[in-house]
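Here is what each chain is made of, one letter per residue.
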Amino acid sequence: MSRRAGLWWSIALIALALAAPFLFYPVFVMRALCLALFACAFDLLLGYVGLLSFGHAAFYGGAAYVTAHCVKVWGFPPELGIVAGAAAAALLGSVFGWLAIRRQGIYFAMITLALAQMVAFFALQAPFTGGEDGIQAVPRGRLLGLIDLNHPLAMYYFVLAMFVVGFAIVRRAVNSPFGQVITAIRENEPRAVSLGYRAERYKLLAFVLSAALAGLAGATKCLVLQFAALSDVDWTTSGEVVLMTLVGGVGTPLGPVVGAFVIVTMENYLAQAGSWVTVIEGLIFIVCVLTFRRGIVGVIAPCLTGRAAAPPAPEPSPP
Amino acid sequence: MNGRFAAVLPAALLAAALLVAGGAGAQSPDAVRIGVLADMSSLYADLGGPGSTVAVQMAVDDFGGSVLGKKIEVVSADHQNKPDVASSIARQWFDEKGVQMITDLTTSSVALAVQEVARADNKVILVNGAASSDLTGKACAPTSVHWTYDTVSLANGTGAAVVKAGGDSWFFITADYAFGHALERDTTAVVEANGGKVLGAVNVPLNTADFSSFLLQAQQSKAKIIGLANAGGDAINSIKQAAEFGIVAGGQKLAGLLVFVSDVHSLGLQTAQGLQLTEAFYWDQDDKTRAWSKRFFDKTHKEPTMVQAGNYSATMHYLEAVKAAGSLDSAAVIKELKSKPIDDFIIRNGHIHDDGSLVHDMYLYEVKKPTESTAEWDLYKLIATIPGDQAFKRPRGNECPAVKG
Amino acid sequence: MPDLLAVDGLHAWYGESHVLHGVDFVVRQGELATLLGRNGAGKTTTLRAIMGIAGRRRGSVRFAGAELIGLPSNRIARMGVGYCPEERGVFASLSVEENLLLPPPVRPGGLSLDEIYTIFPNLLDRRRSQGTKLSGGEQQMLAIARILRTGATLLLLDEPTEGLAPVIVQQIGAVLRSLKERGFTMLLVEQNFRFAATVADRHYIVEHGRVIDAIDNAALAANEAKLHDYLGV
Amino acid sequence: MFSWLHIAMPPAPALFAQLLVGLINGSFYALLSLGLAIIFGLLNIINFAHGAQYMMGAFCAWFLLDWWGIGYWPALVIAPFAVGAVGIAIERLLLRRLAGLDHLYGLLLTFGLALVIEGLFRQRYGSSGLPYTIPAELIGGKNLGFMFLPVYRGWVVVFSLTVCLATWFVIERTRLGALLRAATENATLVQAFGIDVPRLVTLTYGAGVALAALAGVLAAPIYQVSPLMGANIIIVVFAVVVIGGMGSILGAIVSGFALGLIEGLTKVFYPEASNTIIFVIMALVLLVKPAGLFGRAA
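What this report covers is the structure whose coordinates are included nearby. Model, not experiment: these values are computed from the prediction.

The next subject is the interface of chain C and chain D. Frequently, the measure chosen for interface size is the accessible area that the parts lose on association. Taken together, the contact between chain C and chain D spans 22 residues of the former and 18 residues of the latter. Our enumeration of links across chain C and chain D arrives at one salt bridge. Residue C:E98 pairs with D:R181 through a salt bridge whose shortest N-O separation is 2.8 Å. Summed over the shared surface of chain C and chain D, the number is eight residue pairs in polar contact (both at pLDDT 80 or more). At the level of elements, α2 (73-78) and α3 (96-101) of chain C are the ones that each hand at least two residues to the side of chain C that touches chain D. Considering every element that reaches the side of chain C that touches chain D, the biggest residue donor is α2(C), with four residues.

Printed below as a string of structure tokens:
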């Protein structure tokens, strides 16, 4: 990307992000931002470590439950509730990772799916989760005891801040020496091992980071929509994040964000299309797989910014 | 790419965003909007779904299409049984699209989530599709009314009548979900209050295809009545497989706690015959219901379920209350709704309690034998009418603060 | 003798990388020709390009007068070309006999199963074992044996001696000579020109995706110095 | 919650009945996972549309009866062919374009297909489903002493076991099967031997889909013929295939029946977990045997 074009794009996106609550319905944008962060966290694993997790809903939904419980029942302030949610997701992620990290490809996907199904079962059975009704009416509270998050704008900028923090962590991780090692492991694991890197330790670290960020997304979403429910931990949510990432573009900085916004917009607007939702969704996936395999960002971004083709490995560029 | 051109595309993106946003916000302020938030595409699409939108539109048309000098518009959306989707649609409807009232709200988790949104935004919701009595119990909200039925009325209807008819020992096959547990809990209380006893229960995960194992357990319990505390496809499959395993032929009886006329139609009389169930409405009750149902049938090619009919009734009464109150203000409309009896050809002898439950007559039906039926939709015969104060009597009291305090 | 196989200006690509840059040579009816060359010169790719399994290709490959470029590999096989790949391609999930019977007869005149077992008695003893349980030499025999049944007249053999003990290499040499007597035409990819010299009529030297020289077997001794230069041995 | 901590042991005959019922469910898992395993083996595609194709089989039986009065027995033959033909068209038009790509794309494409197919059927036939009655010959049941066994359920076990064994025989013991196994290992070489592998791939996909449709016809009289019937079962069937070892025919059959049994037992001892137990087993199996019970290590 030419430096100039990148700068303009950055300015436009930042302006859009800041102005969004005045242009669009804030809750819609907030929900999309949470899912975008979720997709970025997921893509850290798929796009850079090459591991397809089919159980990320466990971290997203698990964190939402923990945050909901902490805030509603134990009266945590919102910032602590979110930290608790993300920490719980990281803990869960280290258990998942410890069990699954030695497997690859479809077997890795299946182990994460199986573990996530157990989390979903727990969420259905455990007394504090409220069964399929979920934990409803979670208070948003006052941030640091000062800012009333019930105000839509306050909540929006808080969510935007959470997203920017999460996104920055992902970019930082990818562009750090750590990121280069995990990419090297993805390209050629035996070689990375022979160079003295402990591949499994790096993969596990990436997995836990991804889980924690997915948890951050889930916890934030819980405050936005003010509830945690079974659909958050359902396997279809795990499937949805895969779709968002693929539709947007795997392993591109903005791909998961674009994918999340596209899917959430689709869900929102197609909902009014009544019973045709799933048919239209299905057709879009088919078209994407047949024609847009590198995702929206992977295909379109190079045209917009004057690059001939998407580079095989993403290079550092600000959002 | 030169620098000047590089700025054009990002700027165009911003401009496009502004245009889209401007277009989206352009709602004419002088319309009254009613939202139908239903499961359009999944498990419960047949009992509510697109048919609910049709029923609400019929009510709007019958009312005359405008109120307080404003046009009435019906908007609808598919909540996909996901509370987060439902909640964000409801918020957007209330905050942005000028929706004054939301109806249908099938499935409890969706209704509970939307009820919280309505509470926060001080808007009216009239719940027709969800069963959980928690909506008017511990989660009750001042601006919502639970219109057609709830787990308590289903339990009282089927539970009490069946025990009185001699079915005094029960075994439950329960959907392992909050509404299933609520149905089982409320029915158990009714059965025991009427001198029956519950021999056991088995919790079945939602969307289980095969019930034979659970039916065998029910069979071995030797209970006279097998209570099906489930809904939709689960209820259909359990009834179908009970027939296959000769449960009914073996002397045990099924009691469907949440079975709709669409389910019975789908099963066919051969399989469903003899099943006892409770409904708030049946198309073939009298001339008025038949006349209205015929109009509904002409549009949808199906007879209405109690959820769809309830949506008609709720919309009609809401619009009348708006007219009487002369205002769209939620508190004023709810006050108006609660001040008068609710009595039309769908909801009989009703009035709205402080907790938001609409207390009205319910009916115990038995599914006809194939030989008794004269037409495709001739499915039920009336066993008993349950007066509202009996049907909606909570055996364990109510946790709603508005009632307690 | 007419040309059974005529390769003319053959180019081939693997993805973006251009591997063959215009290969030309002929194999006459009843002859055993070899492609000699260093690792990575394009010998295996030439065989794969003839067989139609090398990705994109251009140029001309004529077999018994018919053009093969543009045909899928199964059609090429059906015209009477038998292919024995590098690494032998013995199927692990098939027994020895299933491996033998796998390639379908494409034209009359192939060897019968009995004839094959006469040539390769080891395979008869082990016909029920799993294909990959055989020793390397036996696997190589199996890989050659299974294309004899089909009636193919041209055999493409990719380094049949690779990694085998000298005594096995000798056996394979004997097999190839007897096949030649039976009238098979063969194109052999080899790195081991000493072995090639014992079986072949003619040698083509492949370098950088081209045939750069052709040497008759009879003239091999005279050209040994040149050959050493080409092959770097 | 956790009511299983204090449950009573059921009497032995009751347990036996539960095992038999579990075996019946297992036969559906076996048939469905068999088709999935065959497709995965040769196409390297995780066929997410398998549930939708199972549903189409059931609907096909219903169409035959409702539109032309063609009964269960002919449907048992016609439906697999009809739905298999649809599968062939899908392979030719769509899946073929994904050859050689990561199997993630196949999964996504078939997932999209499943959404479209199920959405269209639901649009037309609603969600509560349509009734299909048990054929007259198989109505009724036998009292086995410990349980009442509907004749139709007995037929399901016997028939699907036969189909499974026949499929296993074709794949492991015939020349066609040898071709399939060989093409699974190295399709390029098999094609270079003169086999039209693309056609083999198409037919294999068709056969896998036909097996799904066959299971659908078998299921029609037991379950409601509903557009959603396949969506609920597909994820479980995946788990079954993974436990057996991706692509392993024997693994799919054995683990299908075995998991039916285990699920049956769970329905007695801890019914709430009967949908989750398969995933617990999958996690355990993959931790101990990474390639599944019958899978070859990658």
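This part takes up the pattern of salt bridges. Scanning the entire structure with this criterion turns up 32 salt bridges over all chains. Linking C:K180 and C:D201 is a salt bridge whose minimum nitrogen-to-oxygen distance equals 2.7 Å. Remark: C:D201 occurs in the loop between α8 (193-199) and β9 (202-207) and C:K180 occurs in helix α7 (residues 166-181); sequence separation between them is 21 residues. Note that D:R96 is salt-bridged to D:E91, the shortest N-O span being 3.3 Å. On the basis of relative accessibility, which here comes to 30%, the residue D:R96 falls in the partly exposed class.

We now examine the packing of helix α2 (residues 26-49) of chain A against helix α7 (residues 177-187) of chain A. Residues and elements named next belong to chain A. The contact between α2 and α7 brings their axes to 8 Å, and the two run at 55°. The pairing of α2 with α7 is recorded here as oblique in orientation. Touching G47, Y48 and V49 of α2 are I182, T183 and R186, all from α7. Partitioned by chemical class, the residues of the contact of α2 with α7 number three nonpolar, two polar and one charged.

Attention now moves to the pairing of strand β9 (residues 225-229) of chain B. Residue and element names in this part refer to chain B. Within β9, five of the five residues are buried, which leaves the element mostly enclosed by the surrounding structure. Note: strand β7 (residues 169-175) against β9, five bridges, orientation parallel. In the sheet register, W170 faces β9, and the bridge partner there is I225. For β9 and strand β10 (residues 253-256), the ladder comprises four bridges, and the chain directions are parallel. Within the sheet, the bridge partner assigned to L228 lies in β10 and is G256. You can see the chain leave β9, run along helix α8 (residues 232-244) and come back into β10, and the turn it takes is right-handed.

Residue and element names in this part refer to chain B. Helix α7 (residues 212-220) sits mainly inside the fold: seven of its nine residues count as buried. Where α7 is concerned, the buried positions are S212, S213, F214, L215, L216, Q217 and A218. Positive backbone phi, approximately 60°, marks K222, located one or two places after α7.

Moving on, we come to helix α1 (residues 43-51) of chain C. Residue and element names in this part refer to chain C. With respect to burial, α1 is a largely interior element, eight of its nine residues being buried. Of all the positions in α1, only K43, T44, T45, T46, L47, A49, I50 and M51 are classed as buried. Looking at the residues trailing α1, positive phi occurs at G52, about 85°.

Here is what the cut-offs are and how they apply
- Residues numbered from 1 in each chain as written.
- Chains lettered and ligands numbered in written order.
- Predicted model: local features only at pLDDT ≥ 70, side-chain atom pairs only at ≥ 80, totals over all residues.
- Heavy atoms only, no water.
- Contact = heavy atoms within 4.5 Å.
- Salt bridge = Lys/Arg side-chain N within 4 Å of Asp/Glu carboxyl O.
- Polar contact = N/O pair within 3.5 Å; in protein donor to acceptor, adjacent residues only side chain to side chain.
- Helix = DSSP H or I, 4+ residues; strand = E, 2+ residues; numbered from the N terminus.
- Buried < 20%, exposed > 50% of the residue type's maximum accessible area, 1.4 Å probe, protein only.
- Axes fitted to C-alpha atoms, helices over the stretch in contact; angles between N-to-C directions.
- Parallel < 35°, antiparallel > 145°, perpendicular 65-115°, else oblique.
- Nonpolar A, V, L, I, M, F, W, Y, C, P; charged D, E, K, R; others polar.
- Pairing = 2+ DSSP bridges.
- Right-handed = clockwise from strand over helix to strand, strands pointing away.

By themselves, these are just geometric observations and shouldn't be taken as functional.
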